[in-house]
Structures are given as C-alpha cells and as structure tokens.
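# A structural walkthrough
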Amino acid sequence: GQMIRLGTNTSDVPVSTATGVRMLVGGGQTYVGFLEAIDGATNHIHIEFYICNPDPIATVIRDRLIAKAREGVTVRFLVDALGSSSLGRRFLRPVREAGVHVAFFHDVKIGRRLRPVTNFRNHRKILVVDGVIGFTGGINVTDDEDERVRDDAYHDIHLRIEGGAVRWLQMVFLEDWAYSTSERMDPDEVPALLPDTPAGGHYLQILCSGPDDPRESIHRMQVAAINAATERVWLTTAYFVPTSAALMSLTLAALRGVDVRVLVPCVSDSRVVTAAARSYFDELIDAGVKVWEYQDRMLHSKTLVVDDTYSFIGTANFDQRSFVLNFEVTALIYGPVMASSLNRQFEIDLRKSMRVQARRKVSPLRRLGDATARLFSPVL
C-alpha cells in the first residue's frame, strides 16, 4: 500500500490494471510486437522514441505507419531531436505526405546539428495503439537493437501492456506531444484516446520523471523498493552511476542479508561511464553486493526486480542522468508473475556474465582515472 501511495504522490499516477502484461526480450520480439499492434490499429497510433534511425527496421515500421495513415488512422510520431538527428527529410517526406503528424522533442532548430543539447533529452520509448495496447522499455528503433540483423545487437528488454494501464502511457505521450507541438487535442478525440477498458488481473503503475518535476518518481520508487527488500534485489542497467541515496539503498540491503546483484555491461558505449561505474564496485562488493559484467554484447536493459513483489521495466538507467536530467518512463508491475519472468531472464543473462572480484590490483593511475570519472558522475 505504501509503495502505491508513494508512486501516486510522486507521479500523480494511481495503480491501474492490465488484462495482459508480457515481457519482450530483444529487438526481434519487440519489433514483431510493434508491427502486429500497428497492423491492428483502427483509430490511432502514437509513437515516441529517443532514437529512431533511418535503418531497415525503422523503414519497415515507417511504411506500415504510412499505410495506416492512408487508411484514415491518426498517426502521431514524436522523436527526440538529438537522439534521432539522423532522421532527415528524405526519410520523413513520405511520412508527412501520408498525413502522419511528425514532431521533434526539444528541437533546437538552428543548432541541432552544431550544438546538441545533451541534457533534458526525451529518453522515453512509448508506442500506444487505440489506447488499449501499449509498449515501453529500453528498446529504440534501430538496427543496433535488432539481433535478426546484427550479431552484436544490444541486449534489451521491453514490455507489452494491454488494458487500462495503457491510459497512463497515453497520458505521458499526450503531455509530451502537447509540449513539443503546442497542439490542442480536440475534445471529441478524448473517448477514443482514453477508452474504457475492463479491469485486468495485473496491477501496475506507469512512473514518469523528468527535469520538469522535482519529485524524481522513478528514482524514489526504486530506492524505496530496494529499502523494502527482504530477499532479493536484482538490478540490470546499461549505466551504473548511482546517486548517493541509490548506492546507500543497495549496500544497506546487502548488509541486511538481502541477495543483491548488479549486472552491468562489460564495456558500455561510453568509456567515462564505464570508469565511473568501476569506482563504485569495490564499495558495493565490500558491502556484500555481487557485481557481474555482461560479456556477450552491449547490455542495454533497464530492469529491477525486488523480492517477488516489484518489477521495474523501463527507459531509466540506474544513474543520475536518468533519475534527474532526462525525461523517462518506467512501468512498475506488482506481484510474482512478472517478477519470475525477470528472475528467469536475469539468470539467463548471468550465464553470459563474469563476476567482478573485489580489490583487483589496479594501477594508481587507473584508480585516479576512475575516481576522476566519478567526480563527474552527477553530470554523466
């Protein structure tokens, strides 16, 4: 009850139900899910991504959206101006010609190519179809995430939701759309955008946070869940640059005897982030936290499972940038069903990971480098 209240008080979103909740592993499964949902659309399709590259997979999705727009389905397509800066006119012209509404988040029109604004990015990934099917998670629209195309595609997790909870993903989308376009929604559209749906058996909360809201909902909910842990805290994150509160919650849980595991990439796509993360490992390991580095490919998943009670799947990494500086969205699913799916996936991932040992012999220079990277961690 207290967690639900905390979620409601920090992101104004009550607990809601879903008739279906499914974890999707990897771009292949996820894109199939996207296309299936898009093909079934009858009223509207809302898409919001941080990165959408003009790759084959984006082109396939684009062409399905064009077909749907021609059938009379309302399509709104919102991408981050920086994350999707490679989406040029050539890719978008047929989209606009088909009547798809296109918008860029934080479009720094003149300086977009010259002076990208790296903070306050829209890191959210949302697809809503007809207000009844919704997706969110770590996956962007790019061949980098499609293991059917690339052997070294990112390893990532996404979520498909069906039912009432989708309305809260929809609300996040609509707010971002209004913010990016100053477009007013036609009141006649509202019943179709927020349809009445039957109650389902899955309970979840859609948490969103961003620099426009000081309450840091995702950050607080994850720290609170870890503080409530009695058995296990299994965290997977592409970037591990925790706040002092988040770091404290992990070490406290481990010192209490909770099974705390942290899975991070062996090499993240940012060297300074890798160095900063390394500076935290000794502190974690000393407290009894078990740290693994994923060896197989770039790990991009952002999941946290606590006991058999709380499962987080979303766009927010366990880092200061996600908690404070970017616009993020994360689903918190209550109960054992999703927890056991995440636990299973975590165990599969550990088979491709290497345990980090404490106090490795590190050159003083390397230690200085890690410590320096950590100094900058609030802004990484």
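Now for a look at the structure at hand.

Next up on the list: the pattern of salt bridges. Applying the stated criterion across every chain yields a total of 17 salt bridges. The shortest N-O distance in the salt bridge between Arg-215 and Asp-12 comes to 2.8 Å. Placement of Arg-215 in the loop between strand 9 (202-209) and helix 7 (217-228) and of Asp-12 in the loop between helix 1 (2-11) and strand 1 (16-18) is noted, with a sequence separation of 203 residues between them. Classification of Arg-215 by relative accessible area gives partly exposed; the value is 25%.

Quick look at the sheet that holds strand 9 now. In space, the nine strands of this open sheet follow the order 1-9-17-15-14-10-12-13-18, with mixed pairing throughout. The sheet terminates laterally at strand 1 and strand 18 (353-355), the two strands that pair on one side only. In this sheet, adjacent strand axes meet at a mean angle of 20° when their direction is disregarded. As defined by bridge partners, strand 15 (residues 310-314) adjoins strand 17 (residues 328-334) across five bridges and the pair is classed as antiparallel. Directly across from Phe-312, in strand 17, lies its bridge partner Leu-332.

So, about the pairing of strand 6 (residues 126-129). Neither face of strand 6 is open: one carries Ile-126 and Val-128, the other Leu-127 and Val-129, and all of them are buried. In this structure, strand 3 (residues 44-49) lies alongside strand 6, joined through four bridges in antiparallel fashion. Paired with His-46 across the strands is Val-128, a residue of strand 6. Sheet topology note: the strand 6/strand 7 (residues 133-137) ladder contains four bridges and is antiparallel.

Okay, the layout of surface pockets next. There is about 370 Å³ of room inside the second largest pocket. In terms of lining residues, the second largest pocket is bounded by 18 residues, among which Arg-124, Val-172, Glu-175, Cys-208 and Asp-212 are the most central. Every element with two or more residues in the lining of the second largest pocket is listed here: helix 5 (166-181) and strand 9. Among the residues making up the lining of the second largest pocket, the classes are represented as eight nonpolar, three polar and seven charged.

Take the nonpolar core next. Counting 39 residues, the largest nonpolar core has Leu-159, Ile-161, Leu-204, Ile-206, Ile-313 and Ile-333 as the members making the most contacts within it. Of the residues forming this core, the biggest block, six residues, is contributed by helix 5. What Ile-206 contacts, discounting residues up to four positions off in sequence, is Ser-11, Val-13, Ile-161, Ala-165, Trp-168, Leu-169, Val-172, Val-329, Thr-330 and Ala-331. If you look at the next biggest cluster of nonpolar residues, it comprises 37 residues, including Val-223, Phe-240, Val-258 and Tyr-334.

Where helix 2 (residues 26-39) contacts helix 3 (residues 56-70), the two axes come as close as 10 Å, and the packing angle between them is 10°. Accordingly, the angle class assigned to the pair helix 2 and helix 3 is roughly parallel. When helix 2 is examined against helix 3, the residues Tyr-31, Phe-34, Leu-35, Ile-38 and Asp-39 are found in contact with a partner set consisting of Ile-57, Val-60, Ile-61, Arg-64, Leu-65 and Lys-68. Of the residues that constitute the contact of helix 2 with helix 3, the class distribution is eight nonpolar, no polar and three charged.

Let us look at the sheet that holds strand 4 (residues 74-80). Strand order in the open sheet formed by seven strands is 2-8-7-6-3-4-5, and the pairing between neighbours is mixed. On the outer flanks of this sheet lie strand 2 (20-25) and strand 5 (101-105), each paired with one strand and no other. Neighbouring strand axes in the sheet, compared pairwise and without regard to direction, differ in orientation by 10° on average. The strands touched by helix 2 are strand 2, strand 3, strand 6, strand 7 and strand 8 (157-162); relative to strand 2, the strand with the most contacts, the crossing angle is about 135°. Sitting on the sheet, helix 5 is in contact with strand 3, strand 4, strand 5, strand 6, strand 7 and strand 8, with an inclination near 80° to strand 5.

Where helix 7 meets helix 8 (residues 244-256), the axes come as close as 9 Å, and the angle between the chain directions of the two elements is 15°. Put simply, helix 7 runs roughly parallel to helix 8. Like other packed secondary-structure pairs, helix 7 and helix 8 cross with a definite hand, here left-handed. Every residue of helix 8 that contacts helix 7 at His-219, Val-223, Ile-226 and Asn-227 is listed here: Ala-245, Ala-246, Ser-249, Leu-250, Leu-252, Ala-253 and Arg-256. Of the residues belonging to the contact of helix 7 with helix 8, the class tally is seven nonpolar, three polar and one charged.

Tracing the backbone shows Glu-48 in strand 3. Despite its burial, Glu-48 pairs with no opposite charge; the closest candidate is Arg-124, at 4.8 Å N-O. Separated by 2.8 Å, the side chains of Glu-48 and Asn-122 make a polar contact. The contact partners of Glu-48, leaving out residues within four places of it in the chain, are Leu-78, Asn-122, Arg-124, Lys-125, Ile-126, Val-172, Phe-173 and Asp-176.

So, how was this worked out
Along each chain, residues carry numbers from 1 onward, in the same order as the chain's sequence is written. A pLDDT threshold of at least 70 governs which residues receive local features in this predicted model, and a stricter bar of 80 or more applies before side-chain atom pairs are shown or counted, although totals over entire chains, interfaces and linings include all residues. Where side-chain values are given, they derive from all heavy atoms of the structure, hydrogens and water being excluded. Within this document, salt bridges are pairs made up of a side-chain nitrogen of Lys or Arg and a carboxyl oxygen of Asp or Glu, the two lying within 4 Å of each other. Only DSSP runs of H or I reaching four residues or more are called helices, and only runs of E reaching two or more are called strands; each is numbered from the N terminus. Partly exposed residues are those whose accessible area sits between 20% and 50% of the maximum for their type, while under 20% is buried and over 50% is exposed, using a 1.4 Å probe and protein chains only. Any two strands are treated as partners once DSSP identifies two or more bridges connecting them. Helix axes use the C-alpha atoms of the stretch in contact, all axes being lines fitted to C-alpha atoms, and the angles between their N-to-C directions lie in the range 0 to 180 degrees. The pocket and cavity definitions rest on a 1 Å grid over protein atoms only: a 1.4 Å probe that fits but cannot leave marks a cavity, an open set with protein on both sides within 12 Å along at least five of seven lines marks a pocket, and residues lining either have an atom within 4 Å of a point. Grid points are joined across faces, edges and corners, and a volume is the space filled by probe spheres set on the points. When residues are sorted by character, Ala, Val, Leu, Ile, Met, Phe, Trp, Tyr, Cys and Pro go into the nonpolar class, Asp, Glu, Lys and Arg into the charged class, and all the rest, Gly among them, into the polar class. Nine residue types can take part in a nonpolar core, namely buried Ala, Val, Leu, Ile, Met, Phe, Trp, Tyr and Cys, and a core is a set of them joined through side-chain atoms within 4.5 Å. For this analysis, residues touch if any pair of their heavy atoms sits within 4.5 Å. Each angle gets one of four labels, with under 35 degrees taken as roughly parallel, over 145 as roughly antiparallel, 65 to 115 as roughly perpendicular, and the rest as oblique. Handedness of a helix crossing follows the sense of rotation of the near helix relative to the far helix, less than a right angle counterclockwise being left-handed and clockwise being right-handed. A positive count includes Lys and Arg, and a negative count includes Asp and Glu. His and the chain ends are not counted in either. Whenever two N or O atoms come within 3.5 Å, that pair is a polar contact, provided that in protein one can donate a hydrogen and the other can accept it, and provided that, for residues adjacent in sequence, both atoms are side-chain atoms.

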